[in-house]
Amino acid sequence: KGGDEPIRIGLFGAIHGDEPASAYALVQFLSLLEKHPELATGYCLFVYPVCNPTGFEDNTRFSRRERDLNREFWLNTAEPEVQLLEKELITHSFHGIVSLHADDTSHGLYGFVGGSTLTKHLIEPALKAAEQILPRNQDAIIDGFNADNGIIKESYPGILSAPPRNRPKPFEIILETPHAAPQYQQEHALVVALQQILNEYRKLVAYAPNL
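Residues numbered from 1 in each chain as written. Predicted model: local features only at pLDDT ≥ 70, side-chain atom pairs only at ≥ 80, totals over all residues. Heavy atoms only, no water.

**Quick notes on the sheet that holds strand S7 (residues 151-152)**
Here's step 1: Across the sheet, 6 strands lie side by side as S2-S1-S3-S8-S4-S7; this open sheet has mixed pairing. At either margin of the open sheet sits one strand with a lone partner, and together these are strand S2 (43-48) and S7.
Here's step 2: Each of strand S1 (7-12), S2, strand S3 (96-103) and strand S8 (171-178) touches helix H5 (residues 183-207); the most contacted strand, S8, lies at about 160 degrees to it. (Pairing = 2+ DSSP bridges. Helix = DSSP H or I, 4+ residues; strand = E, 2+ residues; numbered from the N terminus. Contact = heavy atoms within 4.5 Å. Axes fitted to C-alpha atoms, helices over the stretch in contact; angles between N-to-C directions.)

In structure tokens, the structure reads:
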């Protein structure tokens with residue numbers, strides 16, 4: 001509990017079912033908060049570890065209906081998983097959204113940023129903390145996008161994101177681990193990054209009007 005309205009953050013994993021580290025990292029993060037609840041002071045966290053349950057069961061990127069769910073958001077989709085998640089995104093009107101992924105073409109950590117102008121002030125500390133466990137991808141082109149120090153400012157259409165008309169815009173971060181790295185290292189890196197995002201955003205909220 002904090003003194004003001006709690007900051008609502010949505011944490012999402014396994015929208016691609018063959019990226020199990022994203023789901024297990026969120027479970028580890030919850031276990032950490034159970035032991036150290038002070039880490040989440042002032043926050044109301046909504047955690048969705050397995051956003052693609054059939055893909056997770058089958059260890060496939062796509063759902064059992066053979067859809068990439070992370071290309072279906074806000075496009076009048078018929079996919080039930082996406083419809084349910086869209087309802088959550090609308091209902092809770094998050095201040096921040098963090099999606100966890102693993103990239104089988106990357107040799108290091110990187111991330112996508114979007115939404116609020118505050119986002120850029122969050123992802124760099126998160127990646128810096130996480131690269132104590134795994135290296136950062138420093139390539140100029142990552143996943144087909146221009147990247148600067150492992151940070152990408154563009155993205156694919158239809159990804160899990162805030163409702164297009166939401167104002168003010170929440171911060172939106174996608175964290176990507178290298179899929180080929182040991183899973184326990186991926187999980188550890190993501191947990192550390194999430195801790196850093198909460199720490200940094202708590203500080204930034206007080207200074208937001210000046211940024």
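**Let's talk about the pairing of strand S4 (residues 110-115)**
Here's step 1: Here 6 bridges tie S4 to S8, and the two strands are oriented antiparallel to one another. If you follow Gly114 over to S8, its bridge partner there is Glu172.
Here's step 2: Of the pairings in the sheet, the one linking S4 to S7 comprises 2 bridges and is parallel in character. Across the sheet, residue Gly111 finds its bridge partner in S7, namely Ile151.

**Brief notes about the pattern of salt bridges**
Here's step 1: Tallied over the entire structure, the rule returns 8 salt bridges.
Here's step 2: Residue Glu79 is joined to Arg65 by a salt bridge in which the shortest nitrogen-to-oxygen separation is 2.8 Å. With a gap of 14 residues between them, Glu79 in the loop between helix H2 (53-58) and helix H3 (80-92) and Arg65 in the loop between H2 and H3 connect regions that are remote in the sequence.
Here's step 3: Connected through shared salt-bridge partners, Glu57, Asp58 and Arg64 make up one network. (Salt bridge = Lys/Arg side-chain N within 4 Å of Asp/Glu carboxyl O.)

**A look at H3**
Here's step 1: With 13 residues, H3 extends 19 Å from end C-alpha to end C-alpha; this agrees with the ideal 18 Å at 1.5 Å per step.
Here's step 2: Restricting attention to buried positions, one finds in H3 the residues Glu81, Val82, Leu85, Glu86, Leu89 and His92. The buried residues of H3 occupy one face: seen down the axis, they fall within an arc of 150 degrees. Seen from the open side of H3, the exposed residues pointing more than 90 degrees away from its buried face are Leu84, Lys87, Ile90 and Thr91.
Here's step 3: Looking at the packing, one finds that the buried side of H3 touches S1, S2, H2 and S3.
Here's step 4: Two residues or fewer past H3, Ser93 is found with a positive phi of approximately 45 degrees. (Expected span 1.5 Å × (residues − 1). Buried < 20%, exposed > 50% of the residue type's maximum accessible area, 1.4 Å probe, protein only. Arc of directions from axis to C-beta.)

In short, geometric facts, not functional conclusions.
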